[in-house]
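# Remarks on the overall topology
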Amino acid sequence: MKAHLKTYGCQMNVQDSLQMKGLLAKQGYDHTDNASEADMVLLVTCSIREKAVDKVYSDLGRIREMLPDNPNMVVGVSGCVAQQEKENLFKRFPFVDMVFGPDAVSELPTMLKDARDQKQKGFKSRILKTKFHHKKDFEFVNLLYDGEENRVKAYVNIQKGCDNVCAFCIVPRVRGAEVSRPSSQIIDEIKALVDLGVKDVTLLGQNVNSYGLKDTGEVTFAQLLEKIAKETNLAQLRFTTSHPKDVGDDLVEQFKNLSILAPHFHLPVQSGSDRILQAMRRQYDTKHYLTVVEKLKKVRPDIVFTTDFIVGFPGETAEDFEATINLLHTVGYDLSFSFTYSPRPGTTALRLEDNVSEEVKKERLDILLNRQRQVSGANNAKLLDTQQTMLVENYSAENKTWFGRTGTNKIVHLQDENPKRSLTGEFVKVKVIKANPHSLIAEAI
Ligand code: SF4
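Counting restarts for each chain: residues are numbered from 1 in the order of the written sequence. The predicted origin of the model limits local features to residues at a pLDDT of at least 70 and limits the giving and counting of side-chain atom pairs to 80 or more, whereas totals for whole chains, interfaces and linings rest on all residues. To obtain the side-chain values, all non-hydrogen atoms of the structure were used and water was disregarded.

Looking now at the sheet that holds strand β14 (residues 335-340). Strand pairing follows a simple DSSP-based rule, namely that at least 2 bridges must link the two strands. Counting from the N terminus, the helices are the DSSP runs of H or I reaching at least four residues and the strands are the DSSP runs of E reaching at least two. The parallel open sheet is built from three strands, whose spatial order is β12-β13-β14. Strand pairing shows two members of the sheet lacking a second neighbour, β12 (264-266) and β14, which therefore form its edges. For this sheet, the mean inter-axis angle between neighbouring strands, taken without regard to orientation, is 10 degrees. Both β12 and strand β13 (residues 304-311) contribute to a ladder of three bridges, which runs parallel. Opposite Phe265, over in β13, you have Phe305 as the bridge partner. For helices, the fitted line uses only the C-alpha atoms of the stretch in contact; every axis is such a line through C-alpha atoms, and the angle between N-to-C directions lies from 0 to 180 degrees.

Here is the structure:
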C-alpha cells in the first residue's frame, strides 16, 4: 500500500509528518510522491496565514478530481487547518474521510483502519479528532522514522503547544496548551539518532525557553541542554523557537559552557517598535531584546542571529516601521523571515483596526527584504578568504559541489569536481572563495 503526505508550513508540521510516515511504515505503507497512485493521501496543513489555508483548499480540489479513478483512496486532513476548521471541512469537502488536529497524530493508525473498514463496507467515514488532550494525557510519539538515508541533521520535539498570548498568533488556538516532553524521552531519541549517524540536532518547540518550567521534577531548558551534552555523543545542537522574554541568564551561560551548542540563535523579534510590540502582546520591549542579544554576543562572540518580522501590524506607522529597519541594522541579522500581517480567526489582534493598506504592507515588506539582503550580503562578505568548518549534508553531481552548513547555519557549496570519497556527515574545514548574500562558495583546504 502507498501513502502520500503533503506538508505545509513550519518545522513542527515537518516533524509531525515524519512521525506519521513512521507510523504508516509500521502499518505497511510505502511513501509515494504521486498522490494519484496513493491508497491514502494526508495533508498536514498550516493556518498561520490566509494564503497557506487557501493553498490547502485548492489542493483538496485537485484531490477531488483524482477520486473517480481511485475511489478507495482515504483522504485525511491534519495539522492546523484541521484543528481550526473541524467539521466544516467535511461540509466543504464531503469526500474527506479523516480530520484530526496535532494532538491526534499518534492515533493515525487507528483512524486509518476505521476509515478503510468503512470504505470496504461501502460506507463513508467521518472521523473527527480535534479535542485537545489534557496535559497529563498528552503523548508524544516516541518513534524514530529511519526511512530517510544519509540523515546528517534531525529535529527532535521537546514541547508542544504554547501558553503565550501574542495578539497575531493562531498557534495557541490550533496547537493547544504547552506540554513539555519528558527529558528521558528526548535523551533516548537523540542517542538513537546519533546511532543512525545524525550529527546535528535541532530541538523543536513553540517556546523552547519555557521547557520544563511548569512540570515539577523536570529539568529547565538550560539544564536540558547540559544533559544532552553530557549524556549523548551528539556533535552539534541547535534549538528553535525562542521567546525573548524567556531567555534567562542560565541559557546565556550555556553558550559559554557548552561547545556542543552551535553559534546561532533564532530570536523572533516581530517589530522594532515598542508601541507595536505592546500591541502585539509580546511581553518585552526592544531594550530587553537588545540586552539579551548583547549578553549572548559577550559570551559567544561568533554567534549570529536570525529573526522573524511582521510588517503592517494594525496601527503600524511609518515611524514604527523605521524602528524595525533600525533594529535590523543594530542586531545585524544574518537572515529574517518576514511577512505582512494577516488577520487570523480567534486572535486578539482582530479587535484592532487593520488600518495599514495592503499596498503599504507590501511596500514595507519589499523595503525590509531589500535591507535584509544588504545586511546578509555584508555579513557574508566579511567571511571572504576566511577558513570555516562546514557539516556536509550531501553532494550535487549536477553542480559538482558538496552542500552543507557552518555552525552559524550559513549555506556552503564546497567545490569538488572529482569526489574521491563521501564527505556526507563529516565536519570539513574549507576556505571561502565567494560570498553571496545567502550562501558561501568554498574550496577544500
Ligand atoms: S510565542 Fe507567540 S508567536 Fe510564538 S507560538 Fe506562542 S503565541 Fe504564537
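So, next bit.
Glancing now at the pairing of β13. The buried count for β13 comes to eight of eight residues, which makes it a mostly enclosed element. Here β13 shows a buried face lined by Val304, Thr306, Asp308 and Ile310 and a second buried face lined by Phe305, Thr307, Phe309 and Val311. Taken together, the six bridges between β13 and β14 define a ladder with parallel strand orientation. Paired with Thr307 across the bridge in β14 is Ser336. Handedness of the crossover is the feature at issue here: the chain leaves β13, passes through helix α12 (residues 318-331), returns alongside β14, and the resulting connection is right-handed. A simple rule labels every residue: compare its accessible area, found with a 1.4 Å probe on the protein chains alone, to the largest value its type can have, and call it buried under 20%, exposed over 50%, or partly exposed in between. Here, the term right-handed applies to a crossover whose path from the first strand over the helix to the second runs clockwise when the strands point away from the viewer.

Across soluble globular proteins, you tend to see nonpolar side chains buried next to one another. Membership of the largest hydrophobic core comes to 59 residues, with the highest contact counts inside it found for Leu203, Phe221, Phe239 and Phe265. Contacts: residue pairs with any heavy atoms within 4.5 Å of one another. Setting aside its immediate chain neighbours within four residues, Phe265 contacts Phe239, Ser242, Val247, Leu251, Phe255, Leu296, Ile303, Val304, Phe305 and Thr306. Grouped together as the second largest cluster of nonpolar side chains are 24 residues, Val41, Cys46, Val56 and Val77 included. In plain words, nonpolar cores are sets of buried Ala, Val, Leu, Ile, Met, Phe, Trp, Tyr and Cys residues tied together by side-chain atoms within 4.5 Å.

A word on the site of the ligand. Nearness of a residue to a molecule or strand requires only that one of the residue's heavy atoms be within 4 Å of it. For the ligand, the full set of nearby residues is Cys162, Asn164, Cys166, Phe168, Cys169, Val171, Pro172, Gln206, His243 and Arg282. Think of it as three bins: nonpolar holds Ala, Val, Leu, Ile, Met, Phe, Trp, Tyr, Cys and Pro, charged holds Asp, Glu, Lys and Arg, and polar takes everything else, Gly as well. Of the residues in the shell around the ligand, the class split is six nonpolar, three polar and one charged.

Bringing the sheet that holds strand β10 (residues 200-204) into the picture now. Taken in spatial order, the three strands of this open sheet run β7-β10-β11, and their pairing is parallel. Edge positions in the open sheet fall to β7 (153-157) and β11 (236-240), since each of these has one partner strand only. Each strand of the sheet is rotated relative to its neighbour by a mean of 25 degrees, with strand direction disregarded. As judged from the five bridges shared by β10 and β11, these two strands associate in the parallel manner. For Leu204, the partnering residue across the bridge sits in β11 and is Thr240. Contacting β7 and β10, helix α1 (residues 11-26) crosses the sheet at an angle of about 95 degrees to β7. Running over the sheet, helix α7 (residues 183-195) touches β7 and β10 and is turned about 165 degrees from β7.

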